[in-house]
Amino acid sequence: MGTVSLVSAVVSVAGAVVTVTLGGLFEWRRQHSDREQARRERVSRYRDPLLQAAAGLQARLGNAVALLSGRPVTQIAPDTARQEEYNRYESLYRFAVYQGWVHILFQEAGFLDLGSRRRNRRLVELLAGVSVAIAGHEDHGRTGVLQGGEQRLLGELMVVPDGSEQARRRCLGYMEFRTKLESDPEYAQRFQPVLDYIDGLAANGAAMQRRLTAVHNALIDLIDFLDPHRVWVMGARDKLPLPAAE
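Residues numbered from 1 in each chain as written. Predicted model: local features only at pLDDT ≥ 70, side-chain atom pairs only at ≥ 80, totals over all residues. Heavy atoms only, no water.

Here we come to the overall build of the chain. Within the chain, the regular secondary structure consists of seven helices and two strands. Along the chain direction, N to C, the helices and strands of the chain fall in the order α-α-α-α-β-β-α-α-α. Considering the chain as a whole, with its 246 residues, one finds that 39% of them fall into the buried category. Restricting to contacts in the chain with at least 6 residues of sequence separation, those with at least 24 account for 70%. Carbon and sulfur atoms make up 55% of the accessible area of the chain, which amounts to about 14500 Å² in all. (Helix = DSSP H or I, 4+ residues; strand = E, 2+ residues; numbered from the N terminus. Buried < 20%, exposed > 50% of the residue type's maximum accessible area, 1.4 Å probe, protein only. Contact = heavy atoms within 4.5 Å. Areas by Shrake-Rupley, 256 points an atom, 1.4 Å probe, with all protein chains shown as cover.)

As structure tokens, this is what we get:
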């Protein structure tokens, strides 16, 4: 084989190797990009409604603590049956929706990959922190709202299919929720402990204020983690001072 032919063969082989290598690299990058895009879409699908549910409950608890503390709170019809009904059922609904999205997150998403093990672990810790605060573990449940299993039960009761081809799930809307409470006594009974808790706030002000503050502050930690740049949740998100234990 002549020198020219040999050089030509070497160049041809080298070119083929480079082509295959670059093709493999580009394909790996494409697949990696597709996986990352799918991960981001999955995070958004579950993080965003969970964030909004946590923010809605946190805001409601902040108002409740303010009322128990004697601070002014904006109300459309104060000291009326209308306002009392709104306070009871709006508070119940926000609590239930939060539990519903936590349930959807763990049942449908399996585990939400936030991009690193450290962030994944932190999310689980923060969700557990809210649950522990609701259960009242630090005072052995004396001022707790619901135990962990009861929280999960309410979460299950709030979830319905969303009607999509992917068979995903969503939480009941407010009207759906109120209608189901009124038409299904067995369903309503499951939520009665939370309503009883809401109704007992005024009579047990100091102890309940401490419990609501603990839950509020745990939710702030979760919200700060899910929305660190304050893009999706506007308004104040300062922690409240925890009243002294009795």
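There is more to say after this.
Before going further, it helps to spend a moment on the packing of aromatic side chains. In total, this model carries four aromatic pairs according to the counting rule given. The interplanar angle of 75° and the centroid separation of 5.2 Å between the aromatic rings of Phe-177 and Phe-191 together place this pair among those described as edge-to-face. Of this pair, Phe-177 sits in helix α5 (residues 174–183) while Phe-191 sits in helix α6 (residues 185–199), placing them 14 residues apart in sequence. Given the relative accessible area of 0%, Phe-177 is considered buried. (Phe/Tyr/Trp six-rings, centres within 6.5 Å; stacked < 30°, edge-to-face > 60°.)

Turning next to the side chain of Asp-227. Assignment of secondary structure puts Asp-227 in the segment after α7 (205–226). Exposure remark for Asp-227: the relative accessible area of 2% places this residue in the buried category. A distance of 3.0 Å separates a polar side-chain atom of Asp-227 from the backbone nitrogen of Val-233. Apart from the residues lying within four places of it in its own chain, the contact partners of Asp-227 are Leu-51, Trp-232, Val-233 and Arg-237. (Polar contact = N/O pair within 3.5 Å; in protein donor to acceptor, adjacent residues only side chain to side chain.)

To continue, consider the packing of helix α4 (residues 148–157) against α6. Running from amino to carboxyl end, α4 crosses α6 at an angle of 135°, the nearest separation of the two axes being 11 Å. On the basis of their axis angle, the class for α4 and α6 is oblique. Along this stretch, α4 crosses α6, giving a crossing that reads as left-handed. Side by side, α4 and α6 meet where Leu-153, Leu-154 and Leu-157 of the first sit next to Tyr-187, Arg-190, Phe-191 and Val-194 of the second. Looking at the contact of α4 with α6 residue by residue, the classes come out as six nonpolar, no polar and one charged. (Axes fitted to C-alpha atoms, helices over the stretch in contact; angles between N-to-C directions. Parallel < 35°, antiparallel > 145°, perpendicular 65-115°, else oblique. Left-handed = near helix turned anticlockwise from the far one by under 90°. Nonpolar A, V, L, I, M, F, W, Y, C, P; charged D, E, K, R; others polar.)

This part takes up the nonpolar core. Ranked by size, the top nonpolar core spans 57 residues in total, and within it Leu-92, Tyr-98, Met-158, Phe-177, Phe-191 and Leu-222 carry the most contacts. Those elements that provide at least two residues to this core are α1 (3–68), α2 (81–108), α3 (117–135), β1 (159–161), α5, α6 and α7. Looking at this core element by element, the count peaks at eleven residues for α2. Once residues lying within four places of it in the same chain are set aside, the contact partners of Leu-92 are Phe-177, Leu-181, Phe-191, Val-194, Leu-195 and Ile-198. (Core = buried A, V, L, I, M, F, W, Y, C linked by side-chain atoms within 4.5 Å.)

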